[in-house]
Amino acid sequence: MKATNILRCWISAAVILGCSTSPTLSAEPTALHEVKIGYTSTSISAFPIEFARRKGFFREEGLSVLMIVMRTNVIMNALLTRGIDYGTPSTSVIRAAANDLPVKAVAVLMGRPDYFLAAKKEFKSLRDLKGKRIAIGTFGAAAAIALRVVLRQDGLDPERDVIRLQMGGGDSRFAALVGGTVDATILNFPFNLQAEKLGFNVLLWLGERFEMPLSGVGVRDETIQKNPGQILGLLRAIHRALLVARSNPEETIQAFMEWTRVDRELATKSYKLGTKSWPDNLIISDAAIKAVVDQAQIELKIRGPIPLDKVRDWSFAENVTRK
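Report follows, based on the coordinates. These numbers were taken from a predicted model, which means no experiment stands behind them.

Some details on the sheet that holds strand S3 (residues 86-87)
Part 1 of the argument: The strand order across the open sheet formed by five strands is S2-S1-S3-S10-S4, and the pairing between neighbours is mixed. Across the chains shown, the open sheet's two edge strands, defined by having one partner strand only, are strand S2 (63-69) and strand S4 (103-110).
Part 2 of the argument: Looking at chain direction, strand S1 (residues 33-39) and S3 are connected through two bridges and run parallel. Bridge assignment links Ile 37 to a residue of S3, and that residue is Tyr 86.

Considerations on the nonpolar core
Part 1 of the argument: Among the nonpolar cores identified, the biggest contains 100 residues, and Leu 235 and Ile 238 are the most heavily contacted of them.
Part 2 of the argument: Counting residues per element, this core draws most heavily on helix H11 (residues 228-247), at nine residues.
Part 3 of the argument: For Ile 238, the contacting residues outside a window of four places in its chain are Pro 48, Ile 49, Ala 52, Phe 58, Leu 109, Val 217 and Leu 282.
Part 4 of the argument: Counting ten residues, the second-largest nonpolar core is a separate cluster that includes Ala 118, Ala 176, Phe 191 and Phe 200.

Concerning the packing of helix H6 (residues 90-98) against helix H14 (residues 286-299)
Part 1 of the argument: Axis separation between H6 and H14 bottoms out at 9 Å; the angle between their running directions is 55 degrees. Classified by the angle their axes make, H6 and H14 are oblique. The chirality of how H6 crosses H14 is right-handed. Residue-level inspection shows Thr 91, Ile 94 and Arg 95 of H6 in contact with H14, the latter providing Ile 289, Val 292, Val 293, Gln 295, Ala 296 and Glu 299.
Part 2 of the argument: The class makeup of the residues in the contact of H6 with H14 is five nonpolar, two polar and two charged.

Brief notes about the packing of helix H3 (residues 47-54) against helix H12 (residues 249-260)
Part 1 of the argument: Running from N to C, H3 and H12 point in directions that differ by 100 degrees, and their axes come no closer than 11 Å. Here H12 runs roughly perpendicular to H3, going by the angle between their axes. From H3, Phe 47, Glu 50, Phe 51 and Arg 54 reach across to H12, where they touch Glu 251, Thr 252, Ala 255, Phe 256, Glu 258 and Trp 259.
Part 2 of the argument: For the contact of H3 with H12, a count of residues per class yields five nonpolar, one polar and four charged.

Description of H12
Part 1 of the argument: If you check H12, its first and last C-alpha atoms are 16 Å apart, about what twelve residues at 1.5 Å a residue would give, namely 16 Å.
Part 2 of the argument: Of all the residues in H12, the buried ones are Thr 252, Ile 253, Ala 255, Phe 256, Met 257, Trp 259 and Thr 260.
Part 3 of the argument: Considering only its buried residues, H12 is in contact with S1, H3, S2, H11 and helix H13 (264-277).
Part 4 of the argument: Immediately downstream of H12, the backbone of Arg 261 shows phi near 65 degrees, a positive value.

Some thoughts on unusual backbone geometry
Part 1 of the argument: Between Phe 189 and the following residue, Pro 190, the backbone shows a cis peptide bond with an omega angle of 0 degrees.
Part 2 of the argument: Structurally, Pro 190 can be placed in the loop between strand S8 (184-187) and helix H9 (191-197).
Part 3 of the argument: The phi angle at Arg 82 is positive, at roughly 70 degrees, despite the residue not being glycine.
Part 4 of the argument: By relative accessible area, which is 56% here, Arg 82 ends up exposed.
Part 5 of the argument: Despite not being glycine, Asp 100 has its phi angle at roughly 75 degrees, a positive value.
Part 6 of the argument: Within the secondary structure, Asp 100 sits in the loop between H6 and S4.
Part 7 of the argument: Residue classification places Asp 100 among the exposed positions, given a relative accessible area of 58%.

Some words on the pattern of salt bridges
Part 1 of the argument: For the structure shown, the criterion picks out 23 salt bridges.
Part 2 of the argument: The closest approach of N and O atoms between Arg 209 and Asp 154, which form a salt bridge, is 3.0 Å. Here Arg 209, found in the loop between strand S9 (201-205) and strand S10 (215-220), pairs with Asp 154, found in the loop between helix H7 (142-153) and strand S7 (163-166); they are 55 residues apart in sequence, far enough to count as distant.
Part 3 of the argument: Judged by relative accessible area, which is 21%, Asp 154 ranks as partly exposed.

Cut-offs used in this document
- Residues numbered from 1 in each chain as written.
- Predicted model: local features only at pLDDT ≥ 70, side-chain atom pairs only at ≥ 80, totals over all residues.
- Heavy atoms only, no water.
- Pairing = 2+ DSSP bridges.
- Helix = DSSP H or I, 4+ residues; strand = E, 2+ residues; numbered from the N terminus.
- Core = buried A, V, L, I, M, F, W, Y, C linked by side-chain atoms within 4.5 Å.
- Buried < 20%, exposed > 50% of the residue type's maximum accessible area, 1.4 Å probe, protein only.
- Contact = heavy atoms within 4.5 Å.
- Axes fitted to C-alpha atoms, helices over the stretch in contact; angles between N-to-C directions.
- Parallel < 35°, antiparallel > 145°, perpendicular 65-115°, else oblique.
- Left-handed = near helix turned anticlockwise from the far one by under 90°.
- Nonpolar A, V, L, I, M, F, W, Y, C, P; charged D, E, K, R; others polar.
- Expected span 1.5 Å × (residues − 1).
- Salt bridge = Lys/Arg side-chain N within 4 Å of Asp/Glu carboxyl O.

See below:
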């Protein structure tokens, strides 16, 4: 009996020991690192991040991503004070970097502006808007910069030939157009579609004319220096999401509908706009970046040349998209 008990104890000990040395059973789950990303609205410009989150691509990179809706100025303050880790308003990040603040753009999610120029029905072209009132959000914001570019392309001086009025968000600008306070305005989805249904002329999709870093991934310089692996993981997940989104329209449209609570018509049009505007390699031309820098230099009265390496670092995007 004693021998039997001893044998049983020996077998039990051997089993326990074997289990404790098994790599499968002893390995602890890897803790996910929480990352906070500030974005301005639930729109196609921020959707690649949401899609990557839904697909579980961030988790595979060891990241738990928390997306937080904020106004642009709040995002910039939170980014600089470490309240968030990343921010999506690329033009604001580039302007801040040009003005010596320690941030950079490391990727572009929306390489063409998702803005439409809507006007009263009597106006048929941009040149018809000479001397007219155009509603913008705020001076220096992406929509205002985009408007300046297309006005100049059509031979109009943004400072002298039109009256630009700061009207806030898209809903306020739409209301100003409908109410007759302004003659034209910059709109994005869904307000441009609503304007068309009410008989206003949508003169132009501004994205037809030029590239612009409308949204992207902005980060503090210290993260670039101290935690480059996190940036690589984040961008790797986003790039994977974009590849899946492009090749799976139905799945992507359905996910966009669930996230934004819009109908299928708007989701489908947003998706088509996204496929035209999402950069394949998460970067856009230096000319597009320089346009934002040049405008910032004028408005912020920055003296001296501003090298583009001061405002953007494409090394991470190039790393994850390299074939």
